[in-house]
Amino acid sequence: MKKLVKRIFLSSILFLVALFLIATIVISGLYIFSNKTEFDINKIKNSSINFEIYDNQNRKIKDENILGNFIKINTLNPYTKEAFISIEDKNFYKHSGLNYKRMVKAMIKNITSFSLKEGASTISQQLIKNTHLTNKKTFSRKINEITLTKKLEHTLTKDEILEYYLNIIYFGDNCYGIENASKHYFSKHAKDLSIEESATLAGLIKSPNSYSPTKNIEKTTKRRNVVLSEMFKDNKISFDEYNNALTMPVKINISSTDNNSLNSYVQATIDEATQILKMPAKQIAIGEYKIYSNMDKNKQEALEHSLTYFTDDSDFAGISINNNKKTIEAYYAKSNIKLLNAKRQPGSCIKPILVYTPALNENLISPITQINDEAINISGYSPNNVGGKFFGYTSVRNCVSKSLNIPAVKVLSYVGINKAKSYATRCGIEFDESDQSLSLALGGLTYGISLKDLTNSYIPLVNNGKFSQAKFINYITDKNGKIVYHYSPKENNVFRDDSCYLMTDMLKTCAKSGTGRKLGNLDFDVATKTGTVGKKTNTDAYNISYTTQDTVGVWIGNADNAPIKTVGGAIPTDIVKMYLNDIYKNNKPNDFVVPSSVYKENIDILALNNEHVVYKASSFIPEKYQVAEMFSKFNQPKEKIIDKICVNVPTLNGKVINNIAYLSFYAYDYLIYEIYKQENNNDILLSTITNTNGFCEQKFDIDKRTKYFVITKLKNYADNTEIISDKSNIIELLAS
């Protein structure tokens, strides 16, 4: 048994040695025959980088310096340096750039799994990776990294390596370097960081997006506590310091940014480029990539002017998308945090995408369909309209235009939450698993939606039901001029074209006479939806509007949810109006085109108001009792059968007072009534009654016993013929 165990042990050792030798040969070969990056100390010492970004006319926009504020390592508190060493590279001052024990473990895992998931990078390797190499995971790149790291260790001291590392590493929110991060997150210099603040920043660099304190404070706190634990284990802080730091909440104090670089079009373009090329911003600049954006200079300037003209101390954001090209041509925002992907509650602006267009597409409603706006309670959920008023039965068009809440909740219940979400998801809107309440109809999402995604979700309404994800970047070239990325919109069908047009037509009403009526005097077609979030005080205000050419979204609020003094139909709509007037001052957009799947039909108003059913107006309905509305060919109004049953005469009642005969009956105003008296076997017409709805009473002089009756007529307005009823009941009255 012992011999067997010994053989197995020796075989395992030999196998691992052979595996290591094979790996070494393969990796060496890959390195020898690969394109190697030469070590350049200037790439490390250069603390600023410039991006080459161009607008849609290939004009260079600006040089964006995203680094700076270089700090000397000897100005930092010892625990600040140790926080990064404890969590990133415990043996930093002991190894010569590489941690061979960790590398062997990682290499075995990578070889056996045929991947490069395990990195085992030291601080020295990370510095090389962030200044010399891309994020492309290949064995040859890893070998190149190792070689460059060895050269780095022979060129700089350990303190110099750590110093450059802390000045270059990315901390999220456009912060490169610990001084920038310290000023941004805590409004203080890096030399003044506390133990817990140092641990917070050290924890960020593993995944700046996931652990960002501006996005998820709980994850940030857990990660900070891991760093503190490692510092305590390494004897870098005392037990009391460790415990005190653990009890401290993560308190961020976001500083203001004078140049608003966080929320510029350029920064949004850089962020998109990092996603496309899958490399940090610094590597894009170092690699001399050229980014050709979709910025329209005139629209960008118009948007900036409109936003800054109306807004005061509140945060704000605006975005403009070209409907035809599916490109983002203007973006501007102001806040102490990056707003592009910040999620906020969308309020009523979600209704067209989540509620009404899905209901149109499911043939559940038409613009003239009536919904009872009334107090409701659905499993304890009792929403209210703004002002707490209820309007009874009202058309969907009016519900959209006036942004009534109860009808939106009801229509969402007709569609079904899951089906409605499936439509909105295909329009680029993301939901949390817990988003299962009817409050979604009013924008009650767990995490909200970014203005970019909310505005982009309206694209199908003006694109025949097809959705595309709009982009900031048109194409990217490498330093040799080779195109490495080119934007090609990918469309997917969401709605039918008739559903989109009917929704657009209702949103045009909103712009003419509804909550967005400030746009009513524009001399071109515009569809709009406003939204306001808040109960006792407002926190968010929106306007999303579109023409045949452009879709624009405006948000006003505050990152810290401080109250604002406006609503969606006020300042956000003013901004949109100024912007649209500016960009269309020399060239008006075309009107929305009615698709062949939509037609106009006259509706029976009487049936609509009395029965709350949409009937096509028959030829027997007077014109004044008809109203025209738009319909989809897939959801046509009902045909109401009109025959003699509809002209049955009413029951005639009568009485005599002081030789005056009072005749009464219930009348309908679309019918004609003739009152007769019988005299000497002749029927004599006394009165013709039209346009009367409800109780009708007629008076006649009477001097003897007289018989009365009524005949009802229904006129066919198509051919001017009449349907005449039989005589009503005959009543006999006696003069007093």
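As shown above, the structure is provided for reference.
The shown structure was predicted, so the numbers you read here are calculated from the model rather than taken from an experiment.

Points about the overall build of the protein chain
Secondary structure assignment for the protein chain yields 22 helices and 25 strands. Each of the 736 residues in the protein chain was classed as buried or not, and the buried ones make up 53%. Of all intrachain contacts in the protein chain linking residues separated by at least 6 positions in sequence, the fraction that spans at least 24 positions is 69%. Carbon together with sulfur atoms contributes 49% to the accessible area of the protein chain, which is approximately 34700 Å² in total.

Quick look at the pairing of strand β13 (residues 550-557)
The element β13 is largely enclosed, with a buried count of eight among its eight residues. Side-chain alternation along β13 places Asp550, Val552, Val554 and Ile556 on one buried face and Thr551, Gly553, Trp555 and Gly557 on a second face that is also buried. Judged from the eight bridges that link them, strand β3 (residues 315-322) and β13 form a sheet pairing that is antiparallel. What sits directly across from Gly318, in β13, is Val554. With seven bridges connecting them, strand β12 (residues 538-546) and β13 associate as antiparallel partners. Looking at the pairing, Ser545 lines up with Val552 of β13. Hairpin connection, β12 to β13: the antiparallel pair is bridged by three residues.

Regarding the pattern of salt bridges
This structure, assessed with the given rule, holds 30 salt bridges. The salt bridge involving Asp271 is made with Lys338; its shortest N-O contact spans 3.0 Å. With Asp271 in helix α12 (residues 265-277) and Lys338 in the loop between β4 (327-334) and α15 (351-361), the pair connects residues that are 67 residues apart, well separated along the chain. Take Asp271: its relative accessible area is 15%, and that puts it in the buried class. For Lys338, a relative accessible area of 17% gives the class buried. Between Asp683 and Lys727 there is a salt bridge; the shortest N-O distance is 3.0 Å. Of the two residues, Asp683 sits in strand β21 (residues 682-689) while Lys727 sits in the loop between β24 (721-724) and β25 (731-733), which places them 44 residues apart along the sequence.

Structural notes on the packing of aromatic side chains
Throughout the structure, instances matching the rule amount to 22 aromatic pairs. Geometrically, the ring pair formed by Tyr309 and Phe310 is edge-to-face, given 4.9 Å between the ring centres and 80° between the ring planes. Take Tyr309: its relative accessible area is 53%, and that puts it in the exposed class. One aromatic cluster in this structure is built from Tyr54, Tyr292 and Tyr475. The ring centre of Tyr211 lies 5.5 Å from the NZ or CZ of Arg223, which sits over that ring. Stacked on the ring of Phe709, the Lys or Arg Lys727 has its end atom at 4.7 Å from the ring centre.

Parameters and conventions
Residues numbered from 1 in each chain as written. Predicted model: local features only at pLDDT ≥ 70, side-chain atom pairs only at ≥ 80, totals over all residues. Heavy atoms only, no water. Helix = DSSP H or I, 4+ residues; strand = E, 2+ residues; numbered from the N terminus. Buried < 20%, exposed > 50% of the residue type's maximum accessible area, 1.4 Å probe, protein only. Contact = heavy atoms within 4.5 Å. Areas by Shrake-Rupley, 256 points an atom, 1.4 Å probe, with all protein chains shown as cover. Pairing = 2+ DSSP bridges. Salt bridge = Lys/Arg side-chain N within 4 Å of Asp/Glu carboxyl O. Phe/Tyr/Trp six-rings, centres within 6.5 Å; stacked < 30°, edge-to-face > 60°. Lys NZ or Arg CZ within 6 Å of the ring centre and 35° of its normal.

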